[in-house]
Amino acid sequence: MASFEKVFNLEKEKNANKLYTALDNGCGRNLLDAFMAEAKSSSAQDFKYAQVMITDHYVCHYGFFPLQKRVYIIPTEDIINVYFSNCYNGTYDYDNKMIALETKNDEIFYIAKCLRKRAHADFQKAFETLVSRCKQNDGNLIA
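Parameters at a glance
- Residues numbered from 1 in each chain as written.
- Predicted model: local features only at pLDDT ≥ 70, side-chain atom pairs only at ≥ 80, totals over all residues.
- Heavy atoms only, no water.
- Core = buried A, V, L, I, M, F, W, Y, C linked by side-chain atoms within 4.5 Å.
- Buried < 20%, exposed > 50% of the residue type's maximum accessible area, 1.4 Å probe, protein only.
- Helix = DSSP H or I, 4+ residues; strand = E, 2+ residues; numbered from the N terminus.
- Contact = heavy atoms within 4.5 Å.
- Pairing = 2+ DSSP bridges.
- Axes fitted to C-alpha atoms, helices over the stretch in contact; angles between N-to-C directions.
- 1 Å grid on protein atoms, 1.4 Å probe; cavity = no way out; pocket = protein on both sides within 12 Å on 5 of 7 lines; lining within 4 Å.
- Points joined across faces, edges and corners; volume = space filled by probe spheres on them.
- Nonpolar A, V, L, I, M, F, W, Y, C, P; charged D, E, K, R; others polar.

> Report on the nonpolar core, specifying residues and quantitative values.
Judged by nonpolar contacts, the single largest core of 28 residues is most densely connected at V59, I74, V82, I99, L101, I111 and L130. Mapped by element, the contributors of at least two residues to this core are β2 (52–54), β4 (72–75), β5 (79–85), β8 (96–103), β9 (108–115) and α5 (121–134). If you tally residues by element for this core, the top one is α5, at six residues. Excluding residues within four positions of it along the chain, L101 makes contact with V59, I74, I79, N81, V82, E107, I108, F109, I111 and L130.

In structure tokens, the structure reads:
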């Protein structure tokens, strides 16, 4: 499991290039500087088991970094719906579930994969934090 500090270690050019490639494969490269500034603040929350960092204005999922070479940085103001799903990427998963984020741009991002029957508390906390932050967004669909 990759930690936030390891994934976002930009001190070495090799590590920075890996992150830039992962952001190009995912989304949010243009948001990296603003996100990194917020990630250093005291209000930023790192849910290490879910591999999700939530700041005042962004949510970042870095769990796909080591294997799939993808990182997502998504502005929370763009998120209109947050829910758990065990149906993603066109398949049904009997054992796992993920947090689904729907944006106002008609995109769906699946983040934070966990076991359906025994999810770590970090997954639930990340989900609840996202729901509370995105309920105030214009056009939200969160019940």
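Still to come is the rest of the account.
> Provide a residue-level description of the sheet that holds strand β1 (residues 45–47), including the pertinent values.
Note on sheets: strands pair through backbone hydrogen bonds, and any given pair is parallel or antiparallel. Spatially, the four strands line up as an open sheet ordered β1-β2-β3-β4, and their pairing is antiparallel. Edge positions in the sheet fall to β1 and β4, since each of these pairs with one other strand and no more. Taking each pair of neighbouring strands and ignoring which way they run, the sheet shows an average axis angle of 15°. Alignment of β2 against strand β3 (residues 58–61), held across three bridges, turns out to be antiparallel.

> I'd like to hear about the layout of surface pockets, residue by residue, with values.
The calculated volume of the largest pocket comes to roughly 320 Å³. Lining the largest pocket are 18 residues, and of these Q51, G63, F64, Q68 and K113 lie nearest its centre. Mapped by element, the contributors of at least two residues to the lining of the largest pocket are α4 (65–68) and β9. The dominant element in the lining of the largest pocket, judged by the number of residues it contributes, is α4, at three residues. For the lining of the largest pocket, the residue count by class is 11 nonpolar, five polar and two charged. Roughly 190 Å³ of internal volume is contained in the second largest pocket. Every residue lining the second largest pocket is listed: A2, K6, V7, N9, N15, K18, F65, P66 and K69. Those elements giving two or more residues to the lining of the second largest pocket turn out to be α1 (4–7), α2 (13–25) and α4. Residues of the lining of the second largest pocket, tallied by class, amount to four nonpolar, two polar and three charged.

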